[in-house]
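Inside the fold
Okay, here's what each chain looks like letter by letter:
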Amino acid sequence: MFNRKGQSTLEYALIIAVVVAGLLLMQHYVKRGYSGRLRSAADDMGEQYDPTTYSSSITQTQSTSFKETVAQGVTTKDYTKDTSARTGSETVGAWQEDDKLFDK
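Since the model is a prediction, treat every value here as computed from it, not as a measurement.

Structural notes on the overall build of the protein
A tally of helices and strands in the protein yields one helix and two strands. Written out in order from the N terminus, the α and β elements of the protein read α-β-β. A buried classification covers 2% of the 104 residues belonging to the protein. The contacts in the protein between residues at least 6 apart in sequence include a share of 56% that link residues at least 24 apart.

Quick word on the pairing of strand 2 (residues 74-91)
In the sheet, strand 1 (residues 55-71) pairs with strand 2 via 17 bridges, with the strands oriented antiparallel. Bridge assignment links Thr 61 to a residue of strand 2, and that residue is Ala 85. Where strand 1 hands over to strand 2, the hairpin turn is made up of two residues, of which Gln 72 adopts a positive phi near 55 degrees.

Notes on the confidence of the model for the protein
Residues with a pLDDT of 70 or more make up 83% of the protein, whose mean pLDDT is 82. Within the protein, helix 1 (residues 4-45) carries the highest mean pLDDT (88), whereas strand 2 carries the lowest (85).

A look at a nonpolar patch on the surface
Among the surface-exposed residues, Tyr 12, Ile 15, Val 19 and Leu 23 lie close enough to one another that they form a single nonpolar patch of about 440 Å² accessible area. Mapped onto the fold, Tyr 12 is located in helix 1. With relative accessibility at 58%, the residue Tyr 12 sits in the exposed group.

A short note on the packing of aromatic side chains
Each pair of aromatic rings is reported with the distance of its centres and the angle of its planes. Scanning all chains against the criterion turns up one aromatic pair. Ring geometry for Phe 66 versus Tyr 79: centroids 5.6 Å apart, planes at 55 degrees, classification tilted. Placement of Phe 66 in strand 1 and of Tyr 79 in strand 2 is noted, with a sequence separation of 13 residues between them. Accessibility expressed as a relative area gives 42% for Phe 66, which makes it partly exposed. The ring of Phe 66 carries Lys 77 above its face, with NZ or CZ at 5.0 Å from the centroid.

Observations concerning the environment of Ala 85
Assignment of secondary structure puts Ala 85 in strand 2. Looking at Ala 85, the relative accessible area reads 36%, which means it is partly exposed. Taking the C-alpha atoms as reference points, Ala 85 and Gln 62, separated by 23 residues in sequence, lie 6.4 Å from one another. When neighbours within four sequence positions are excluded, Ala 85 is seen to be in contact with Thr 59, Gln 60 and Thr 61.

A few points about the environment of Arg 86
Structurally, the position occupied by Arg 86 is in strand 2. Separated by 27 residues in sequence, Arg 86 and Thr 59 place their C-alpha atoms 5.7 Å apart. Contact partners of Arg 86, with chain neighbours within four places excluded, come to Ile 58, Thr 59 and Gln 60.

Parameters and conventions
- Residues numbered from 1 in each chain as written.
- Predicted model: local features only at pLDDT ≥ 70, side-chain atom pairs only at ≥ 80, totals over all residues.
- Heavy atoms only, no water.
- Helix = DSSP H or I, 4+ residues; strand = E, 2+ residues; numbered from the N terminus.
- Buried < 20%, exposed > 50% of the residue type's maximum accessible area, 1.4 Å probe, protein only.
- Contact = heavy atoms within 4.5 Å.
- Pairing = 2+ DSSP bridges.
- pLDDT = per-residue confidence, 0-100.
- Patch = residues over 30% accessible without salt bridge, like charges linked within 9 Å, V, L, I, M, F, W, Y side chains within 5 Å.
- Areas by Shrake-Rupley, 256 points an atom, 1.4 Å probe, with all protein chains shown as cover.
- Salt bridge = Lys/Arg side-chain N within 4 Å of Asp/Glu carboxyl O.
- Phe/Tyr/Trp six-rings, centres within 6.5 Å; stacked < 30°, edge-to-face > 60°.
- Lys NZ or Arg CZ within 6 Å of the ring centre and 35° of its normal.

What follows is the structure in structure tokens.
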């Protein structure tokens, strides 16, 4: 009485249609989830470096003491003291949006 082959094809078509409809309905939520993870990863990286906000005041001193001996045409150096010191400060700022760029 009923065509079994046609009924099978219709059932498969309905199952595929339901799956496609479900995926289309979930598309919005998947995009939001992906966008949220991407933003979270970007926030975990921290602020962007801005070279225009970099400033430093560093003094480096180096001192070397040695004794030089020349005997029979051979020069020898005996280092007695070698010191190096670095003092000062360094400031690195983050990138800030300049509102004047967007004014018209």
